[in-house]
Amino acid sequence: MNTPVMFIDDEKSIRDALGQTLELEDYDVALFASAKPALEQLTNQFSGVIISDINMPGIDGLTFLKQALTLDAELSVIMLTGHGDISMAVEAMRLGAYDFLEKPFSTEHLLDVVKRAAEKRELVLENRELRRELEVQSGPGPRILGNDPAIKQLRRILSHQAKTHSPLFIHGPSGCGKALVARFVHDHGLQPHQPFVTIDCSASGAEMQLNELIAGGTTPFATLYLKHIDRTPQQLQPTLQDLITPLCRGEHTVRVIVSADVDGHHQSASGFLHTLYFKLGFITLDLPPLNQRQADIPLLFHNFLRTDCSRFGIEPPQIDSQLEQWLAEQHWTGNVRELRQFAERYALMGAKALDSHHQAPNHTQQASTLAERVADFECKVLHDALNRHHGRLKEVQQELGLARKTLYDKMKKYHIDKNEFKA
């Protein structure tokens, strides 16, 4: 994105000449014949440079500077002054202008000053972003960890959205942390001490919960989190839409957050999702699968392990580079949830936890037999299915085509506890 430049001068010939010069250097130039329309467009989010003449009819340059700096004291404003107006230029610097140029000036000098002013403004905005993100991340409640660009972008969006009621649409594969993001938004929102209500739209009791909310009339909660909205039964969709439409349109001080395994824009999304997505102005949050942010895996694993060891009152086991390499090589089809569950087992069992999670990271061990490889694969398939269905055995049976007793026998064989997979 090109750096924006606001250029204000009442002389058309100067506006056109300098505007063309700046455009040739790939600046995004907006020209103004007077200060008033420029002030009307200016906000404290302006990311570029402002150039203004001092001597102008109506609002003069110094008055413009004062009003602009009232919006944001760290705006990069360059003043243009004619011969004999040096005292006014000095006053402009005292008020907070970035620099001044005395007419006539060379093109090279102008471009150098604009370049430096743009770099300063960029640094100011970056520092603000970092401070805002640090403030949000250091607050109470869950944290969103990771250095992947997608996670950094997510934190930036959330730092801006924390103190609003804007509805949010979180999508990403199962187990990637959608519920954690929803809780993070609530805990750092406008009413963190008010109730956080979660409804699983795919659950059998969802209709009763929704009807109770509608019958209640009032909204004694701050955040309504609707998970698995993409799995809402067709007969329940009108009821759900009637409930959340007034909430999303600001008729109540309630934030609506929905999550789905599909994007509301995606072709496979239902007409119901498209209606909600486009008519109610949801802000989209994209969560990547864990195998697309592999560099974050050691960081997440260490954090989960410390948390679990603290909860169990035990010393954290040693983590070597070989284990970290093994962690990075796994597919983690259950995403962050699967890594979280493995960290808990590792906290309790140490290296023995590897035996029940695919293959141990000992590349020098004797090659396994066909039967052992088949057993490893079968164990992995069971883990993946249980992860996807959150430990619901009936759904696992249907997916894998297993009788109930067969499924129980295999889970017993591989020491698999269904409770480990429940959300």
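Refer to the structure above for everything that follows.
I will try to describe carefully the structure that is included in this document. Computed from a predicted structure; not experimentally measured.

## Considerations on the sheet that holds strand 6 (residues 168-171)
What the 5 strands build is an open sheet, ordered 7-8-9-6-10; its pairing is parallel. Two strands bound the open sheet, and with one partner strand each, they are strand 7 (196-200) and strand 10 (283-286). Taken over all neighbouring pairs, the strand axes of this sheet differ in orientation by 20 degrees on average, direction set aside. Relative to strand 9 (residues 255-260), strand 6 runs parallel, the two sharing 4 bridges. Directly across from His-171, in strand 9, lies its bridge partner Ala-260. Along the sheet, helix 9 (residues 237-248) makes contact with strand 8 (223-227) and strand 9, crossing strand 8 at roughly 140 degrees.

## Quick word on the packing of aromatic side chains
Working definition: an aromatic ring pair is given by the centre-to-centre distance plus the angle between the planes. Within this structure, the stated rule accounts for 8 aromatic pairs. Both rings, one in Trp-326 and one in Phe-342, keep their centres 5.3 Å apart while their planes meet at 45 degrees; by these two values the pair is tilted. Of this pair, Trp-326 sits in helix 12 (residues 321-329) while Phe-342 sits in helix 13 (residues 335-349); the two residues are 16 residues apart in sequence, bridging distant segments of the chain. Like Trp-326, the residue Phe-342 is buried in the burial classification. On the basis of an interplanar angle of 55 degrees and a centroid distance of 6.0 Å, the ring pair of Trp-332 and Phe-342 is categorised as tilted. Note that Trp-332 is positioned in the loop between helix 12 and helix 13 and Phe-342 in helix 13, a separation of 10 residues in sequence. Both residues of the pair, Trp-332 and Phe-342, belong to the buried class. A network of ring pairs unites the aromatic residues Phe-301, Trp-326, Trp-332, Phe-342 and Tyr-346 as a single cluster. The ring centre of Phe-196 lies 4.6 Å from the NZ or CZ of Arg-183, which sits over that ring.

## Digging into helix 11 (residues 297-312)
In this model, helix 11 (16 residues) spans 22 Å end to end at C-alpha, consistent with the 22 Å of a helix rising 1.5 Å per residue. Listed as buried for helix 11 are Ile-297, Pro-298, Leu-300, Phe-301, Asn-303, Phe-304, Leu-305, Asp-308 and Cys-309. Tucked inside the fold, the buried residues of helix 11 contact helix 12 and helix 13. Looking at the residues trailing helix 11, positive phi occurs at Gly-313, about 70 degrees.

Procedures and definitions
- Residues numbered from 1 in each chain as written.
- Predicted model: local features only at pLDDT ≥ 70, side-chain atom pairs only at ≥ 80, totals over all residues.
- Heavy atoms only, no water.
- Pairing = 2+ DSSP bridges.
- Helix = DSSP H or I, 4+ residues; strand = E, 2+ residues; numbered from the N terminus.
- Axes fitted to C-alpha atoms, helices over the stretch in contact; angles between N-to-C directions.
- Contact = heavy atoms within 4.5 Å.
- Phe/Tyr/Trp six-rings, centres within 6.5 Å; stacked < 30°, edge-to-face > 60°.
- Buried < 20%, exposed > 50% of the residue type's maximum accessible area, 1.4 Å probe, protein only.
- Lys NZ or Arg CZ within 6 Å of the ring centre and 35° of its normal.
- Expected span 1.5 Å × (residues − 1).

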